[in-house]
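What the coordinates show
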Amino acid sequence: MNIVSSRCVKIREVTRVTPFFDSTASTNDSPLPSTALALTYFDTKWFKFPPVQRLFFYRNLTSDTDSIRFNSEILPQLKHSLSLALLHYLPLAGHIMWPELEPKPAVYYFPDQKCDGVSFVVAESSDADFDRVSGDGIREAAEYHPLVPQLSITEDKAEVIAIQITLFPNQGFSIGVSAHHAVLDGKSTTLFIKSWAYLCKQLKLQQQQQQQTYLPPELTPCFDRTVVKDPDGIDMIYLKHWMSGSSSNRRSLNVMPVKPENYYSNLVRMTFELNREDTNKLRDKVNKVLYSTQGGAQYLSSFVITCAHVFVWLVKARDVEANTTVRFVIPTDCRSRLDPPIPANYFGNCTGGEFGEAKASDFMQENGVAFVAHKLSDLIKGIKRGAVLGSEDEFLNGMAKMREAQQLKISVAGSNRFDAYGSDFGWGRPEKVEVVSIDTTGAISLAETRDGGGGFEIGVVLGKQQMEVFASLFVDALKDR
């Protein structure tokens, strides 16, 4: 076996997992999808964005015997349940392609051909401290890169998703997922992971009994593209925008380049937590300011309160000039905002982005958090059902501004509503969930707290000195005054 080493991570196996087929198996009595899945305007909007990378850490190996069990039991069950899950998620086993005679790309999948399937990497990290890499403390950003698989993307063919299982002997294992942004948003990725976890757990529980291949309704994906109405051809507006930026092959499937590896050498990662009591305390402080400056308090969601504080701490930690423009974007799940609303289990992209901007001085003023909270709240309240259509110009203009130099950009990846910690494969809930790709995008990541208590887990990547400042601001904000 060819062993490849990268930052103390050895690749033990590279294979492809294909969808499981059994003529006697039940798949919710629904027909298999066709061999092509169209991209909607929600998908073409993200057509050139780099893959989103997530990591799930599981602690369940505490001895040599457990590590042996990983190879004899855990790994085979992960593979087989992935094959079962792909039966319900056939497009993930295919590729994005753009045939010459087609006006736009699509996901093509051919289950009867060996070229399809999901890339499945098995690796081992013998030297890493599982407690540290799955913890909240300061960690080098680059050390997570070998734990997530590379998505194969060329000019004429792109994988949809790739999986990597990394063993930490006598400690645990991680599941790394790289997903193409033109096919999956965060909610869809989480839906797939939870479906895979559900089938794996059932496989483990049933042991010798007949394997279960059906999914409960809440985990069954909806691939119906007709629910996304696009009478004005917005999908092509976004696609032509991306094509206009290509100087050679206008149909190239290559995504925007990521930064070189040496860029990450000074970046560190930390995770911060705000529980429900913390957000209530921070909300009370903000409303006191709003009451005195605007004559009354207002309802501010925990999401707004969390983002307002984190955005202000980021601006202060980065120590930019007061007249620097700060541009930020808030992701919005549009499934319930379309008219009519589409199913909550719709699989694909269905997210928008609300853009805002202000000067750094607005963030750094004494009442900066109240200013940002009020601005974020107004942005979110401005989103109305059915208002998604017609926002393509606003989105493209917002993205163009986000790419301008001499500014500070802040965005959000993930959500506290995804229930990422609910991905139990049969060996317990994840010890930790990370969005690795925020070190490329500069975003912060949000997730629910592992205890399910209604709090927020915030992932941040900064330079080492900037992180020290950010951590100090975080602690100071929670002190009673």
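The sections below set out a description of the structure shown in this document. All values reported here derive from a predicted model rather than from experimental measurement.

Observations concerning the overall build of the protein chain
- Secondary structure assignment for the protein chain yields 12 helices and 18 strands.
- Of all 481 residues assigned to the protein chain, the portion counted as buried reaches 56%.
- Across the protein chain, contacts joining residues at least 24 apart in sequence account for 79% of those joining residues at least 6 apart.
- For the protein chain, the exposed surface amounts to about 21,100 Å²; the carbon and sulfur share of it is 50%.

Overview of the sheet that holds strand β3 (residues 36-38)
- Reading across from one edge, β3-β6-β5-β9 is the order of the 4 strands in this open sheet, with antiparallel pairing throughout. Both outer strands of the open sheet, β3 and β9 (158-159), are each paired with one neighbouring strand and no more.
- Across 3 bridges, the pairing between β3 and strand β6 (residues 106-108) is antiparallel. Bridge pairing in β6 links A38 to A106.

Here's the deal with helix α9 (residues 368-381)
- Across its 14 residues, α9 extends 20 Å between first and last C-alpha, which sits within 8% of the 20 Å expected from 1.5 Å per residue.
- Where α9 is buried, its residues contact α6 (276-294), α7 (302-318), β13 (325-333), β14 (351-359) and α8 (360-364).

Overview of the environment of E155
- Here E155 is to be found in the loop between β8 (139-140) and β9.
- Judged by its relative accessible area of 38%, E155 is partly exposed.
- Each C-alpha atom of the pair E155 and M97 lies 9.1 Å from the other, and the pair is 58 residues apart in sequence.

Points about the nonpolar core
- Grouped together as the largest cluster of nonpolar side chains are 80 residues, with contacts concentrated most on L78, I165, I175, F192, W196 and F425.
- If we skip the residues at most four places from it in the chain, L78 touches I165, F173, I175, W196, C200, F425 and W427.
- Residues A373, L408, I458 and M467 belong to the second largest nonpolar core, which totals 47 residues.

Topic: the packing of aromatic side chains
- Across all of its chains, the model carries 25 aromatic pairs by this definition.
- Look at W196 and F425: their rings are 5.0 Å apart centre to centre, the planes differ by 90 degrees, and that puts the pair in the edge-to-face class. Of the two residues, W196 sits in helix α4 (residues 186-206) while F425 sits in the loop between β15 (407-414) and β16 (432-435), which places them 229 residues apart along the sequence. For the pair shown, W196 and F425 are each scored as buried.
- Taken together, the ring pairs in this structure connect Y58, F70, Y89, F173, F192, W196, F223, F347, F425 and W427 into an aromatic cluster.
- Over the aromatic face of Y263 sits the side chain of K259, whose NZ or CZ is 5.1 Å from the ring centroid.
- The aromatic ring of Y144 is capped on one face by R269, whose charged end is 5.2 Å from the ring centroid.

Digging into the pattern of salt bridges
- Summed over all chains, the structure comprises 19 salt bridges.
- For the salt bridge of R69 with E73, the shortest nitrogen-to-oxygen distance reads 3.7 Å. Residue R69 and its partner E73 are located together in helix α2 (residues 64-88), separated by 4 residues, close to a single helical turn.
- Using a relative accessible area of 25% as the deciding quantity, one classes E73 as partly exposed.
- Residues K201 and D424 are paired through a salt bridge, measuring 3.1 Å at the closest nitrogen-oxygen approach. Taken together, the residues K201 in helix α4 and D424 in the loop between β15 and β16 connect sequence positions 223 residues apart.

A word on the pairing of β13
- β13 sits mainly inside the fold: 7 of its 9 residues count as buried.
- The pairing of β13 with β14 spans 9 bridges and is antiparallel. The residue bridging P331 from the neighbouring strand is G353, located in β14.
- Bridge count for β13 against β15 is 5 bridges, and the pairing is parallel. The residue of β15 that forms the bridge with T325 is Q407.

Focus on unusual backbone geometry
- Each neighbour pair has its own omega, and for D339 with P340 the value is 0 degrees, a cis peptide bond.
- Its location among the elements puts P340 in the loop between β13 and β14.
- For N170, which is not glycine, the phi torsion reads 65 degrees and is therefore positive.
- By relative accessible area, N170 is classed as partly exposed at 32%.

Quick look at the packing of α6 against α9
- Where α6 contacts α9, the two axes come as close as 9 Å, and the packing angle between them is 85 degrees. The orientation of α6 relative to α9 falls into the category roughly perpendicular. In this structure, α6 contributes V286, V289, L290 and Q294 to the contact, and α9 contributes V369, A370, A373 and H374.
- For the contact of α6 with α9, the per-class residue count stands at 6 nonpolar, 2 polar and no charged.

Overview of the side chain of R283
- Summarising the element assignment, R283 is placed in helix α6.
- For the buried R283, which has no salt bridge, the nearest side chain bearing the opposite charge is D284, at an N-O separation of 6.2 Å.
- A polar atom in the side chain of R283 sits 2.7 Å from the backbone oxygen of L300.
- A polar atom in the side chain of R283 sits 2.9 Å from the side chain of S302.
- Aside from chain neighbours lying at most four places away, what touches R283 is L300, S301, S302 and I305.

A few points about α7
- Across its 17 residues, α7 extends 24 Å between first and last C-alpha, which sits within 8% of the 24 Å expected from 1.5 Å per residue.
- Of all 17 residues in α7, 15 are buried, a share of seventy percent or more.

Topic: the packing of α7 against α9
- Taken N-terminus to C-terminus, the directions of α7 and α9 make an angle of 135 degrees; their axes are 8 Å apart at the nearest point. Looking at the two axes, α7 sits oblique to α9. The handedness of the crossing between α7 and α9 comes out as right-handed. Contact with α7, carried on its side by F303, V304, C307, A308, H309, F311 and V312, involves G368, V369, V372, A373, L376, S377 and I380 of α9 and no other residues of that element.
- For the contact of α7 with α9, a count of residues per class yields 11 nonpolar, 3 polar and no charged.

Procedures and definitions
- Residues numbered from 1 in each chain as written.
- Predicted model: local features only at pLDDT ≥ 70, side-chain atom pairs only at ≥ 80, totals over all residues.
- Heavy atoms only, no water.
- Helix = DSSP H or I, 4+ residues; strand = E, 2+ residues; numbered from the N terminus.
- Buried < 20%, exposed > 50% of the residue type's maximum accessible area, 1.4 Å probe, protein only.
- Contact = heavy atoms within 4.5 Å.
- Areas by Shrake-Rupley, 256 points an atom, 1.4 Å probe, with all protein chains shown as cover.
- Pairing = 2+ DSSP bridges.
- Expected span 1.5 Å × (residues − 1).
- Core = buried A, V, L, I, M, F, W, Y, C linked by side-chain atoms within 4.5 Å.
- Phe/Tyr/Trp six-rings, centres within 6.5 Å; stacked < 30°, edge-to-face > 60°.
- Lys NZ or Arg CZ within 6 Å of the ring centre and 35° of its normal.
- Salt bridge = Lys/Arg side-chain N within 4 Å of Asp/Glu carboxyl O.
- Axes fitted to C-alpha atoms, helices over the stretch in contact; angles between N-to-C directions.
- Parallel < 35°, antiparallel > 145°, perpendicular 65-115°, else oblique.
- Nonpolar A, V, L, I, M, F, W, Y, C, P; charged D, E, K, R; others polar.
- Lys, Arg positive; Asp, Glu negative; His and termini not counted.
- Polar contact = N/O pair within 3.5 Å; in protein donor to acceptor, adjacent residues only side chain to side chain.
- Left-handed = near helix turned anticlockwise from the far one by under 90°.

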